[in-house]
Amino acid sequence: KNQVEQSPQSLIILEGKNCTLQCNYTVSPFSNLRWYKQDTGRGPVSLTIMTFSENTKSNGRYTATLDADTKQSSLHITASQLSDSASYICVVPFSGGYNKLIFGAGTRLAVHP
Amino acid sequence: DAGVIQSPRHEVTEMGQEVTLRCKPISGHNSLFWYRQTMMRGLELLIYFNNNVPIDDSGMPEDRFSAKMPNASFSTLKIQPSEPRDSAVYFCASSLRTLDTEAFFGQGTRLTVV
């Protein structure tokens, strides 16, 4: 069954600290993995797309890793800011011939001052 | 480009009424998706259009739900009759067809059926 599982479900950290969010997937065949950020009351916004051959990709303070062998990805946030408070959703397209996205349940991150 | 535009942002309606949600995709995108998001089930794909043609509607929960895309710049999702369990945030997203391209989401329509 094509699934995307994320952990932790929620996380609270202090401003300035680092954190790492995890994503495990069983989607097959695999083409790419995406991390989205969803602020409260808004639509998801893409942070990064990682293809099969990429191990690490950075976008500012966000660094995503991908291990296609173990089917795991992580999103590391460095020097967190209050604006990082959001849900982070791991998404893997089901390569069924079109862009059907399998969504994880998300990790809700709260950054406190 | 203003991005994917959805209307209305909020909708409150009584059970049994018809509800129509609207979406304008990003110009040039040929794929359009309708999603529903709830606390219990997260984001779920309802229906997918490619070049204005419905490709996969297996996520549409039941016959009360219908979606149309009369042209490349407009789509609607209709619920008739609406029920309280339809309360959710409905997102529209658009993208180019290829798998490696990003899907852009609208701001969503928060539907409350009382």
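This write-up is about the structure you can find in this document. (Residues numbered from 1 in each chain as written. Chains lettered and ligands numbered in written order. Predicted model: local features only at pLDDT ≥ 70, side-chain atom pairs only at ≥ 80, totals over all residues. Heavy atoms only, no water.)

This part takes up the packing of aromatic side chains. Residues and elements named next belong to chain B. The full count for this structure, using the stated rule, is 10 aromatic pairs over all chains. With a centroid separation of 4.8 Å and an interplanar angle of 25°, the aromatic rings of F33 and Y48 are classed as stacked. Here Y48 lies in strand 5 (residues 42-50) and F33 lies in strand 4 (residues 31-38), a separation of 15 residues in the sequence. When its relative accessible area of 0% is taken as the criterion, F33 is described as buried. Measuring from centroid to centroid gives 6.3 Å for F91 and F105, while their planes differ by 80°, and the two rings are edge-to-face. Note that F91 is positioned in strand 9 (residues 88-95) and F105 in strand 10 (residues 104-105), a separation of 14 residues in sequence. Each member of the pair F91 and F105 is classed as buried. (Phe/Tyr/Trp six-rings, centres within 6.5 Å; stacked < 30°, edge-to-face > 60°. Helix = DSSP H or I, 4+ residues; strand = E, 2+ residues; numbered from the N terminus. Buried < 20%, exposed > 50% of the residue type's maximum accessible area, 1.4 Å probe, protein only.)

The next thing to look at is the layout of surface pockets. A volume near 1,300 Å³ is recorded for the largest pocket. Around the largest pocket sit 48 residues that line it, and Q37, T38, R41, G42 and L43 of chain B are the ones nearest its centre. Among the elements of the structure, strand 1 (4-7), strand 9 (86-95), strand 10 (99-103) and strand 11 (107-112) of chain A together with strand 4, strand 5, strand 9 and strand 11 (109-113) of chain B are those that each provide at least two residues to the lining of the largest pocket. Broken down by element, the residue count for the lining of the largest pocket peaks at 5 residues, all from strand 5 of chain B. Taken as a whole, the second largest pocket encloses approximately 190 Å³ of empty space. Together, 15 residues line the second largest pocket, and P44 and V45 of chain A together with F105, G106 and Q107 of chain B are the ones closest to its centre. Its residues assigned to classes, the lining of the second largest pocket shows 8 nonpolar, 5 polar and 2 charged. (1 Å grid on protein atoms, 1.4 Å probe; cavity = no way out; pocket = protein on both sides within 12 Å on 5 of 7 lines; lining within 4 Å. Points joined across faces, edges and corners; volume = space filled by probe spheres on them. Nonpolar A, V, L, I, M, F, W, Y, C, P; charged D, E, K, R; others polar.)

In this section: the state of the cysteines. Residues and elements named next belong to chain A. Applying the stated criterion to the full structure yields 2 disulfides over all chains. Here C23 engages in a disulfide with C90; their sulfurs sit 2.0 Å apart. One quick way to see it: the torsion about the S-S bond of C23 and C90 is about -70°, and its sign makes the bridge left-handed. In this pair, C23 is assigned in strand 3 (residues 19-25) and C90 in strand 9, connecting sequence segments 67 residues apart. With a relative accessible area of 0%, C23 lands in the buried category. Here C19 is not disulfide-linked; the sulfur of C90 is the nearest cysteine sulfur, at 15 Å. The exposure class assigned to C19 is buried, which follows from its relative accessible area of 6%. (Disulfide = S-S within 2.5 Å.)

All names here are of chain B. What the 4 strands build is an open sheet, ordered 1-3-8-7; its pairing is antiparallel. Among the strands making up the open sheet, the edge pair consists of strand 1 (5-7) and strand 7 (65-71). Direction aside, the axes of adjacent strands within the sheet are offset by 15° on average. Looking at chain direction, strand 7 and strand 8 (residues 74-79) are connected through 5 bridges and run antiparallel. Bridged to K68 within strand 8 is T76. (Pairing = 2+ DSSP bridges. Axes fitted to C-alpha atoms, helices over the stretch in contact; angles between N-to-C directions.)

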